[in-house]
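Each chain, written out:
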Amino acid sequence: MAVAESGAPAQGATNGNLSLFSRLVGAQTPFQTKRAVWGYVYAAPWILGLIIFWGGPILASFYFGFTEYAVIGSPRFTGLSNYIRAFSGDELFWPSLGRTFTFAGMYIPFAVGGALILAVLLNQKLFGTTVFRTLFFVPHLIPAVALAVLWTFLLAPRVGPVNEFLRSIGISDPPGWLASRDSALASVTMINVWAAMGGNTMLIFLAGLQGVPQELYDAASIDGGGAWAKFRHVTLPMLTPTIFFNVVLAVIGALKVFTTAWVATQGGPSYATWFFALHIYFQAFQYFRLGYGSALAWVLAAILMFFTWVQVRYSRRWVHYEGG
């Protein structure tokens, strides 16, 4: 007791002598403080990059959204005029937004559903599965620009290999694909779905499938459940957190669609693939209306945050967390 009582003031004195930095990082000893200091030293380049290259531009774009700024000259504060113009005076605002939602409505089910089907097939542990996993993932490794250029060549109306093949099997008037207003949006969607099905979405589904306990499948077999019953009553419920995660990422990616349309069609033909992100790019970097472009970017950010919040808010109704 005497030792404990005599040591208590010393411990209190030690705590009292801790620096402000030690208290902020929760360090209790000089050794812990030293580790915390070196931790922040090693993290400093990333923290500075976050502040300078992410935080700074975000704050700057928020300010520019309330100004008229054309690169040359100084920004001139105009209040909410950019946002008023976007919602009531921009002829391409609502069409580009609607076109983006149309793309998302086509892209998300096929990209997520297709990736799930591929993951289920590749999770059967059949011969050559590793090779097929690699082949399906390869398109995801191709840069988006190169992918768009490749598909532009493949879908060329007159000399493209796809239409040449269609003509060879008797289709005399094949689609115009990216060159036709009627099929350009569907073509861009098809390209993006093809690139997304075998990418990270498929790998995330594979990881989720391999985390489903085998005991559940064994129990379903004892109850007489077939392949479809196992998938419906075991795989899908256990995979709902993974499905939710992939859907959130797919919604964000779909609403930000840009590269394929920019490289393959530049928003055409006749604005058929003029997506909202493309509209932001043209306003800011083609017409040098940086203030208006910043306002449009914040509108898109607000839309993304809203849809993410809605998905998180209502996910509790259908997402099953193990142990929850």
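In this text the structure is predicted, and so the values were computed from the model without any measurement.

1. Observations regarding the overall build of the protein chain
Step number 1: Scanning the protein chain from terminus to terminus reveals 15 helices and two strands.
Step number 2: Computed over its C-alpha atoms, the radius of gyration of the protein chain comes to 27 Å, more than 25% above the 20 Å expected for a compact globule of 324 residues.
Step number 3: Taking the principal axes of the C-alpha coordinates as reference, the protein chain spans close to 100 × 75 × 35 Å.
Step number 4: Per-residue burial over the protein chain gives 36% buried out of 324 residues.
Step number 5: Of the contacts made within the protein chain by residues no fewer than 6 positions apart, 62% connect residues no fewer than 24 positions apart.
Step number 6: Summed over all atoms, the accessible surface of the protein chain reaches about 19,500 Å², with 68% contributed by carbon and sulfur.
Step number 7: If you average the places of the 18 positive and of the 11 negative side-chain charges in the protein chain, the two averages end up 6 Å apart.

2. Quick word on the environment of W318
Step number 1: Mapped onto the elements, W318 comes out in the segment after α15 (290-314).
Step number 2: Its relative accessible area of 42% is what places W318 among the partly exposed residues.
Step number 3: Along the sequence, W318 and L296 sit 22 residues apart, while their C-alpha atoms lie 33 Å from each other.
Step number 4: Leaving out residues up to four positions away in the same chain, W318 has contacts with T240, I243 and F244.

3. Describing the confidence of the model for the protein chain
Step number 1: Summary statistics for the protein chain give a mean pLDDT of 87 and a share of 90% for residues scoring 70 or more.
Step number 2: Low pLDDT (under 50) marks residues 1-17, which in the prediction has three contacts with non-local residues, meaning those over four places away or in another chain.

4. Quick word on a nonpolar patch on the surface
Step number 1: Among the surface-exposed residues, Y40, W46, I47, L48, L50, I51, I52, F53, W54 and I58 lie close enough to one another that they form a single nonpolar patch of about 1,100 Å² accessible area.
Step number 2: Mapping I51 onto the fold places it in helix α3 (residues 30-64).

5. Focus: the packing of helix α5 (residues 93-122) against α15
Step number 1: Interhelical geometry of α5 versus α15 gives an angle of 35° and a closest axis separation of 13 Å. The hand of the α5/α15 crossing is right-handed. In contact with F93, L97 and F101 of α5, α15 contributes L296, V299, I303 and F307.
Step number 2: Here the residues of the contact of α5 with α15 are counted per class, giving seven nonpolar, no polar and no charged.

Definitions and limits used
Residues numbered from 1 in each chain as written. Predicted model: local features only at pLDDT ≥ 70, side-chain atom pairs only at ≥ 80, totals over all residues. Heavy atoms only, no water. Helix = DSSP H or I, 4+ residues; strand = E, 2+ residues; numbered from the N terminus. Rg over C-alpha atoms; globule rule 2.2 N^0.38 Å. Buried < 20%, exposed > 50% of the residue type's maximum accessible area, 1.4 Å probe, protein only. Contact = heavy atoms within 4.5 Å. Areas by Shrake-Rupley, 256 points an atom, 1.4 Å probe, with all protein chains shown as cover. Lys, Arg positive; Asp, Glu negative; His and termini not counted. Charge placed at Lys NZ, Arg CZ, Asp CG, Glu CD. pLDDT = per-residue confidence, 0-100. Patch = residues over 30% accessible without salt bridge, like charges linked within 9 Å, V, L, I, M, F, W, Y side chains within 5 Å. Salt bridge = Lys/Arg side-chain N within 4 Å of Asp/Glu carboxyl O. Axes fitted to C-alpha atoms, helices over the stretch in contact; angles between N-to-C directions. Left-handed = near helix turned anticlockwise from the far one by under 90°. Nonpolar A, V, L, I, M, F, W, Y, C, P; charged D, E, K, R; others polar.

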